Amino acid sequence: MAQGDRSIRVRYAPSPTGALHLGGARTALFNYLYARQQGGKFLLRIEDTDRARLKQGSQSSIEEGLRWLGMEWDEQPIIQSERKEAYAKAAQGLLESGAAYRCFCTPERLEQMRAEQRARHEPERYDRRCRSIPREESDRRAEAGERFVIRQAMPLEGATTFHDLVMGTVTFRNDTLDDHVLLKSDGFPTYHLAFAVDDHESRISHVIRGDGWLPSAPKHLLLFQAFNWLPPAFAHVPLVLGPDKKPLAKRHGAKDVLEYRDAGYLPEAVDNFIAFLGWSPGTEEDVLAIDELIARFSIEKIQASPAVANLERLDWLNGQFIRRLSADELASRIAPRFSGVTADALRPLMPLVQERLRTLNEATEMLRFFFEEPRDYRPDQLVPKGRDANGTAAVFQAAAERLRRLPAWDHDTVEHELRALAEHLGWSSRDLFMALRVAVTGRTVTPPLIESMAHLGQAPVIARLERASASLSNAPER
RNA sequence: GCCCCCAUCGUCUAGCGGCUAGGACACGGCCCUUUCAAGGCCGGAACGGCGGUUCGAUUCCGCCUGGGGGUACCA
């Protein structure tokens, strides 16, 4: 088992077959939090030994996702496809020690073998035919150019037990383990070999990975033993499920984390959200920034059961984090989503929306009227229930008149004047404010009206009131 | 089929033999209120089943059931 004198080194090791999705991001985050908390290193390793499944651009999109979520990795990423020789050398060593053997079976024979096993309801495993080939014969055939793979020779009896930091003690009977392939006939390693070689060489202390790997963990442990290397500690974290209880994977439109960025979510919120999927600090705290997550994280508190991603909670969290931002911060995060509007122009408006945002993208709809004239008014929105168009048009005129005469243009003055107007007209402030709201903003849902008017400015407000009035006068009476 | 893992409100979870089973999201109600939010208060809502162990099980053990994963010259 891992000894205490080894420093903490962990890694996130995606294969570049797609984007970084929530589940992958969570695995990465657990590694990252642990490394940062322990003052260790967080490494990135690209597992691209399956050249058939490589996807162009995948690596850079995964890296972009990690950076967006604030997970900077230490050291140069390890690219497995560049390390073919290291794996071949390691496999050769195993051949020498007898922990592995060459297998010359053809894919066709293997397929037939499996078909027969299936028919007999037996476990589908390699039948170890080549395991008994004498070493000299094996060498001769290899030299003669015959194609082969290298398989790990599993112990035929006994059991392999290890302690998983999340799952607890796990035991496998050795005779159920397959003599799986370590080195493919194309010279590339399989995951298993590359995993052991790389984790050993980069002195990984803790392997925190998805629990899909749990069934092969005993093989990995045995592999470390075969190399006579000290194995890392293991922590298998359960899957993240979608709302349909199915694993969150490509199959049901699993999302690239960058899509959350584009949809207006803050990386802080996404980090918090995924951290709490299968983990909790054991307290009642729930809105934690990344440094707080780092301080509280512990592998032992990771849940052994899978978690269903509840996106409604992400919305709520995002609102919480938005509310914690300074006006400056918020403005600069919204600005890029708002074409033609600068953070400077946005900043004074932030107090109007900060309390009501769930995503950054909602800000553009809420604030658009500050930068654009309302488009066509809808009379049914402009005219309160029980009032008529002419009357309402007159009210807009009256409001414009009163506002034009105001000596100062600030919140209190405007509010006082408008409330007086409502009183004078015999309108409820509710009706009056709604009508004015639509006239000034073109919408029925907006930030608080008076503040909005104060920020918009006297002249634009009056102009919009007159325009709204005119639109009603011109409208055909019904 | 075989191997392995998992199991508390709808969801995320706290719990680590004795609790009125706690919190959060969502939901419902009330308050606040110029819309929408935010905020405050209140409410409904869970230990999958059966056996053990024990004075006592949500908690420990076994079985069942139900989920999930693995079973490739994929990771």
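Not measured: the values here are computed from a predicted model. (Residues numbered from 1 in each chain as written. Chains lettered and ligands numbered in written order. Predicted model: local features only at pLDDT ≥ 70, side-chain atom pairs only at ≥ 80, totals over all residues. Heavy atoms only, no water.)

Moving on, we come to the overall build of chain A. When you go through chain A residue by residue, the secondary structure sums to 21 helices and 12 strands. What you see for chain A is a C-alpha radius of gyration of 33 Å, clearly larger than the 23 Å of a compact globule of 478 residues, by over 25%. Along the longest, intermediate and shortest principal axes, the C-alpha atoms of chain A span 105 × 50 × 35 Å. Counting across all 478 residues of chain A, residues that qualify as buried make up 50%. Taking the intrachain contacts of chain A between residues at least 6 apart in sequence as the baseline, contacts between residues at least 24 apart amount to 75%. With an accessible surface of roughly 22,700 Å², chain A has 49% of that area assigned to carbon and sulfur atoms. (Helix = DSSP H or I, 4+ residues; strand = E, 2+ residues; numbered from the N terminus. Rg over C-alpha atoms; globule rule 2.2 N^0.38 Å. Buried < 20%, exposed > 50% of the residue type's maximum accessible area, 1.4 Å probe, protein only. Contact = heavy atoms within 4.5 Å. Areas by Shrake-Rupley, 256 points an atom, 1.4 Å probe, with all protein chains shown as cover.)

Neighbouring residues of RNA strand B: 69 residues in total, closest Asp50, Lys184, Gly278, Arg356 and Arg437. Considering the 4 Å shell around the protein, atoms of RNA strand B inside it are sugar or phosphate in 73% of instances. Here Ser185 contributes a side-chain N or O atom positioned 2.7 Å from a base oxygen of RNA strand B. Between a phosphate oxygen of RNA strand B and a side-chain N or O atom of Arg430, the distance comes to 3.1 Å. In terms of residues, the surface near RNA strand B owes the most to one element, helix H11 (residues 311-324), which gives 5 residues. Here the residues of the surface near RNA strand B are counted per class, giving 31 nonpolar, 15 polar and 23 charged. (Near = heavy atom within 4 Å. Polar contact = N/O pair within 3.5 Å; in protein donor to acceptor, adjacent residues only side chain to side chain. Nonpolar A, V, L, I, M, F, W, Y, C, P; charged D, E, K, R; others polar.)

Take Thr160: it is sitting in strand S6 (residues 159-164). For Thr160, a relative accessible area of 5% corresponds to the buried category. In terms of polar contacts, Thr160 uses its side chain to reach the side chain of Asn174, at 2.6 Å. Residues within four places of Thr160 in sequence aside, it is in contact with Val170, Thr171, Phe172, Asn174, Pro218, Leu221 and Leu222.

Soluble, globular proteins show a tendency: their nonpolar side chains are buried together. Counting 108 residues, the largest nonpolar core has Leu403 and Leu465 as its most contacted members. Sequence-distant contacts of Leu403, that is, excluding residues within four places in its chain, are made with Trp409, Val414, Leu418, Met453, Gln458, Val461, Ile462 and Leu465. Counting 32 residues, the second largest nonpolar core, distinct from the first, contains Ala91, Leu177, Leu222 and Leu223. (Core = buried A, V, L, I, M, F, W, Y, C linked by side-chain atoms within 4.5 Å.)

The next point concerns the sheet that holds strand S4 (residues 100-103). As summarised here, the arrangement of the 3 strands in space is S4-S5-S8, forming an open sheet in which the pairing is antiparallel. The sheet is open, and its two edges are formed by S4 and strand S8 (181-183), each paired on a single side. Adjacent strand axes in the sheet meet at a mean angle of 45 degrees when their direction is disregarded. Pairing of strand S5 (residues 149-152) with S8 involves 2 bridges; the strand directions are antiparallel. (Pairing = 2+ DSSP bridges. Axes fitted to C-alpha atoms, helices over the stretch in contact; angles between N-to-C directions.)

This next bit is on the domain arrangement of chain A. Examined at the domain level, chain A breaks down into domain 1 (9-73 + 191-238), domain 2 (84-183), domain 3 (250-324), domain 4 (327-370) and domain 5 (379-473). If you average the C-alpha positions of domain 1 and of domain 4, the two centres end up 38 Å apart. (Domains from an automatic or database assignment.)

Packing of helix H19 (residues 429-441) against helix H20 (residues 449-456) brings their axes to within 10 Å, and their N-to-C directions diverge by 35 degrees. For the element pair H19 and H20, the recorded crossing hand is left-handed. Contacts between H19 and H20 involve Phe433, Leu436, Arg437 and Val440 from the former and Leu449, Ile450, Met453 and Leu456 from the latter. Partitioned by chemical class, the residues of the contact of H19 with H20 number 7 nonpolar, no polar and 1 charged. (Left-handed = near helix turned anticlockwise from the far one by under 90°.)

This next bit is on the pairing of strand S1 (residues 9-12). Residues Arg9 and Arg11 point to one face of S1 and Val10 and Tyr12 to the other, with burial holding for every one of them. Following the backbone out of S1, through helix H1 (residues 22-38) and into the adjacent parallel strand S2 (residues 41-46), one traces a crossover that is right-handed. (Right-handed = clockwise from strand over helix to strand, strands pointing away.)

So, on to helix H17 (residues 389-404). The first and last C-alpha atoms of H17 sit 22 Å apart over 16 residues, in line with the 22 Å expected at 1.5 Å per residue. Where H17 is concerned, the buried positions are Ala389, Thr392, Ala393, Val395, Phe396, Ala399, Ala400 and Leu403. Along the axis of H17, the buried positions cluster into a sector of 155 degrees, meaning they face one direction only. (Expected span 1.5 Å × (residues − 1). Arc of directions from axis to C-beta.)

Below, the discussion takes up unusual backbone geometry. A positive phi is found at His121, a non-glycine position, where the angle reads about 60 degrees. Checked against the element boundaries, His121 lands in the loop between helix H4 (107-119) and helix H5 (135-143).

Within helix H9 (residues 267-275), 8 of the 9 residues are buried, which leaves the element mostly enclosed by the surrounding structure. When H9 is considered as a whole, its buried residues turn out to be Pro267, Ala269, Val270, Asp271, Asn272, Phe273, Ile274 and Ala275. Against H1, helix H2 (58-68), helix H8 (257-262), helix H10 (290-296), H11 and helix H12 (327-334) lie the buried residues of H9.

Throughout the structure, instances matching the rule amount to 0 disulfides. This cysteine, Cys103, is not joined by any disulfide, and Cys105 carries the nearest cysteine sulfur, 3.8 Å off. Under the relative-accessibility criterion, Cys103 is labelled buried at 2%. Not engaged in a disulfide, the cysteine Cys130 finds its nearest cysteine sulfur in Cys105; these two sulfurs lie 3.6 Å apart. Residue class for Cys130 comes out buried when judged on its relative accessible area of 5%. (Disulfide = S-S within 2.5 Å.)

For the structure shown, the criterion picks out 16 aromatic pairs. Ring geometry for Phe276 and Trp279: centres 5.5 Å apart, planes at 75 degrees, overall edge-to-face. Overall, Phe276 belongs to the buried group, its relative accessible area being 18%. Every member of this aromatic cluster is reached through a ring pair, and the members are Phe162, Tyr191, Phe195, Trp213, Phe224, Phe227, Trp229 and Phe234. (Phe/Tyr/Trp six-rings, centres within 6.5 Å; stacked < 30°, edge-to-face > 60°.)

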